[in-house]
Amino acid sequence: MRTSKRRLREENADLRAQLDRMRTRAETAEAAVKTERNARGIAVRQFCEADATNVRLTGRVRHLTELLANCGKQDGAETRRLKTRLENMRAAVRKYRKEMDGQARLIRNQNDLLDQFYGLDTPAIAAGEQWQQRRHDKISGVTR
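I will try to describe carefully the structure that is included in this document. What you see is a predicted model, and the numbers here were worked out from it, not measured in a lab.

Attention now goes to the overall build of the protein. Counting its regular elements, the protein contains two helices and zero strands. Counting every position in the protein, which comprises 144 residues, the buried fraction comes to 0%. Of the roughly 14,100 Å² of accessible surface on the protein, a fraction of 56% belongs to carbon and sulfur atoms.

Next up on the list: the pattern of salt bridges. Scanning the entire structure with this criterion turns up two salt bridges. The partner of arginine 23 in a salt bridge is aspartate 20, with the nearest N and O atoms 3.6 Å apart. Here arginine 23 pairs with aspartate 20, and both are found in helix H1 (residues 2-118), just three residues apart, close to one helical turn. In this structure arginine 23 comes out as partly exposed when scored by relative accessible area, which is 44%. Residue aspartate 20 is classed as partly exposed on the basis of its relative accessible area of 41%.

On to a nonpolar patch on the surface. Together, Leu114, Phe117, Tyr118, Leu120 and Ile125 make up a nonpolar patch on the protein surface, roughly 580 Å² of accessible area in all. In this fold, leucine 114 is placed in helix H1.

With that settled, consider the packing of aromatic side chains. Going through the model one piece at a time under the given rule, you end up with one aromatic pair. Aromatic side chains phenylalanine 117 and tyrosine 118 sit 5.1 Å apart centroid to centroid with 80 degrees between the ring planes, which places their arrangement in the edge-to-face category. Each member of the pair, phenylalanine 117 together with tyrosine 118, is exposed.

Cut-offs applied
Residues numbered from 1 in each chain as written. Predicted model: local features only at pLDDT ≥ 70, side-chain atom pairs only at ≥ 80, totals over all residues. Heavy atoms only, no water. Helix = DSSP H or I, 4+ residues; strand = E, 2+ residues; numbered from the N terminus. Buried < 20%, exposed > 50% of the residue type's maximum accessible area, 1.4 Å probe, protein only. Areas by Shrake-Rupley, 256 points an atom, 1.4 Å probe, with all protein chains shown as cover. Salt bridge = Lys/Arg side-chain N within 4 Å of Asp/Glu carboxyl O. Patch = residues over 30% accessible without salt bridge, like charges linked within 9 Å, V, L, I, M, F, W, Y side chains within 5 Å. Phe/Tyr/Trp six-rings, centres within 6.5 Å; stacked < 30°, edge-to-face > 60°.

Spelled out as structure tokens, the structure:
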């Protein structure tokens, strides 16, 4: 009878080990299934987002293509209008530059007349331009 108890214990131990191995395999399979489901869900979301972006960009490309096609039809009249505006602006700039040059000449002439009127164009004034550097009472090394 001992043999049968021993044999039953050994079989029981073998069955428990087999059950533990099967339980481990089942848990591993369940974890793999969860991982696959999660990965599948992520992939589906990414594909849906990519598809939505593709649809949106396709519509945008169509819209921009239509705008370019229409732009080519209206290009001649718009270009002429812009060229006319540009030429008008250039003419205005030339006119204002000419007036500015004339005003600058007038200001220079008036400054020269004022210098003559107050006697600021004499050689003595020009010679005294550097008078502070030639002072005899200047103390060297002192800055004020």
